[in-house]
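Structure at a glance
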Amino acid sequence: MKIGIKVKLITFTASLLLVVILFLSVFVLNGIKSYQDKENEATLFKQKDMFEQYFSERSSLGDNGTNNTAQLARGSIFNKPWLRNIPASVYDIKGNLLSGFKVDGMVNENKEKAVMIESASQGRVSSTKNNNIIYFYSPIKYKNSIVAILELEYSVKESSLFYENIKNMFYAAGFSALIVGVILGILYLFSLTRDIYIMKESVENIQKYDFGKIHLVNRNDELGELSKGIVFMSNTIEKNTKELKIERDSMSIALDKLQKMDKKQKEFIGNVTHEFKTPITIIKAYAELIGMYENDLSLINDGTLNISKECDHLATMVDKVLNLSALEKYDFEISKKEVNLKRILDDICTRMMGRIKKNNLTFKSNIENIVASIDEESLRQIIINLIDNAIKYNSPNGTIDVECHKFNNKISIIVADTGIGICKESLHIIFEPFYRVESHRSRETGGAGLGLSLVKKLVEKQQGTINVESKINEGTIFTIEFFV
Ligand code: ADP
């Protein structure tokens, strides 16, 4: 069973007080008792001496040398008024009462009287106490021989009463001191143990990593120093724990990133392999066919055309894959220069106009004359890819709209089309490498799904953002924003 420090300290204090009070009482009471006993003895011996002296005086005067002490005792011993104050009796050595005097009210008789008289007749002094009366027996000698026995009765009622009073006083004072001592002890120990409990709770809270519940005990003693030590310890542990947590978090973020990158890389390689296989298979098939049917001119024409088309497709893909992985791997220096955006955009549009017209599309543009610090090569790649998609995924007789505006320090470039649109589910993943909207895959015009991921990377390299809004069969709007 666990006994708390409070109970232990209170029990200890109470026991200590009790022992001190007991020792003090026994010591003082014994002192009083032995003092009283000595006083009584001295009084009795003094009285005995008085009797003896009287006897000796009377004996030598009274009978002119006769030896009849017994006669003397019987006759005149108590004639002296001062002897009358002392309750005493005189016996002959056989124990017969010769003379006696008792103060009024003293009727007690000593039960051991016969034995004690006998003992006195042999020269011994003895006394006994009975009912607060000391019976004292002493031989009375004359000329060196015992002539009578003196019995003194000495009342110790007063001193016994005094002793009893003192004893009761000690009990009362001792009990009160014990109660007061325990109460004072409890009050003091309460504050002491309260502080100890506060420290104990603090230590428990440190164990639970609950550093908000650590309290300092304001004391100018060892406990106060201990409490300061606990608070210091708690602060150190809290600091170290926080640092450890930050390190652990950043480690787990880094690990997460690494795992994602690893996964992405594997997917990327898988996709590259897959996408490259198709054109290579087509090229190989046509090359074999041409070899088998050397004289079939139409097959040779068709084959050459398709091989050339697939080679272009392969070349574009290789170009984009290389660009993408380079952007991913190396932190390219962006070479920003003050350029005229209108000039660049108009140039791109003019170059692409042939394809636009070939696809029977209408082209509209609203390009502000803006000069800004931008990486021209990246911007060209971005816009070409977006207009290329606007051509590929447009509807017959659709429209392409290119706009460029500046508002405060924000430049917005918009490439919009009235094409087939992108479904909601695909909108957030079209920027992933190799992603193509499922329903667009059958379209001949479809690429490998690398254009938009390249666009996004290039925009982000220049601290820009790209957003897409689209509605199925209504069209798609890409918005790029740069801050200059
Ligand atoms: P791709 O070379 O296949 O065009 P992109 O990365 O440029 O690859 O585009 C990814 C996919 O997003 C495309 O395959 C197409 O499904 C969809 N997409 C891109 N631009 C448009 C657009 N303007 N309209 C409709 N769908 C588009």
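Up top is the structure.
Rules used throughout
One numbering rule holds for all chains: residues counted from 1, following each sequence as written. A pLDDT threshold of at least 70 governs which residues receive local features in this predicted model, and a stricter bar of 80 or more applies before side-chain atom pairs are shown or counted, although totals over entire chains, interfaces and linings include all residues. Based on all heavy atoms of the structure, the side-chain values leave hydrogens and waters out of the count. At least two bridges found by DSSP between two strands is the condition for calling them paired. Strands here mean DSSP runs of E at least two residues long; helices mean DSSP runs of H or I at least four residues long; both are numbered from the N terminus. The classification of residues rests on relative accessible area computed with a 1.4 Å probe and restricted to protein chains. Under 20% of the type maximum is buried, over 50% is exposed, and intermediate values are partly exposed. For this analysis, residues touch if any pair of their heavy atoms sits within 4.5 Å. Comment: axis = line fitted to C-alpha atoms, over the contacting stretch for helices; angle = value between 0 and 180 degrees taken between N-to-C directions. With respect to orientation, any angle under 35 degrees is reported as roughly parallel, any angle over 145 as roughly antiparallel, any angle of 65 to 115 as roughly perpendicular, and every other angle as oblique. Should the near helix be turned anticlockwise from the far one by less than a right angle, the crossing is left-handed, and should it be turned clockwise, the crossing is right-handed. Three classes are used: nonpolar for Ala, Val, Leu, Ile, Met, Phe, Trp, Tyr, Cys and Pro, charged for Asp, Glu, Lys and Arg, and polar for all others, with Gly counted as polar. Salt-bridge detection follows one rule: a side-chain nitrogen of Lys or Arg within 4 Å of a carboxyl oxygen of Asp or Glu.

Describing the pairing of strand E9 (residues 399-407)
In the case of a regular strand, side chains alternate between the two sheet surfaces. Sheet topology places strand E7 (residues 362-367) next to E9; six bridges connect them, and they run parallel. Its bridge partner being in E9, Phe363 is matched across the sheet by Ile400. Between the end of E9 and the start of strand E10 (residues 410-417), which pair antiparallel, lie two residues, with Asn408 showing a positive phi angle near 55°.

Focus: the side chain of Ser227
Inspection of the secondary structure assignment puts Ser227 in helix H5 (residues 222-292). Residue classification places Ser227 among the buried residues on the basis of a relative accessible area of 1%. Not counting residues up to four positions away in its chain, the partners in contact with Ser227 are Met199, His215, Leu216 and Val217.

Description of the packing of H5 against helix H6 (residues 297-329)
Look at H5 against H6: their axes get within 9 Å of each other, and the N-to-C directions meet at 160°. In terms of orientation, H5 and H6 fall into the roughly antiparallel class. Note on packing geometry: the crossing formed by H5 with H6 is left-handed. Here the contact of H5 with H6 is built from residues that sort into 20 nonpolar, four polar and three charged.

Side note on the sheet that holds E7
Taken in spatial order, the five strands make up an open sheet running E7-E9-E10-E12-E11, and their pairing is mixed. Of all strands in the sheet, those bounded by a partner on one side alone are E7 and strand E11 (465-471). On average, adjacent strands in this sheet sit at an angle of 10° to one another, irrespective of strand direction. Summarising the sheet, E10 and strand E12 (residues 475-483) pair through eight bridges and their orientation is antiparallel. Its bridge partner lying in E12, Ile413 is registered against Ile480. Contacting E7, E9 and E10, helix H7 (residues 341-358) crosses the sheet at an angle of about 180° to E7. Running over the sheet, helix H10 (residues 451-461) touches E11 and E12 and is turned about 140° from E11.

Considering the pattern of salt bridges
By the definition in use, this model includes 24 salt bridges. Its salt-bridge partner being Lys213, residue Asp210 comes within 3.5 Å of it at the nearest N-O pair. A cluster of three or more residues bridged by salt bridges with shared partners is formed by Arg343, Asp347, Arg351, Glu376 and Arg380.

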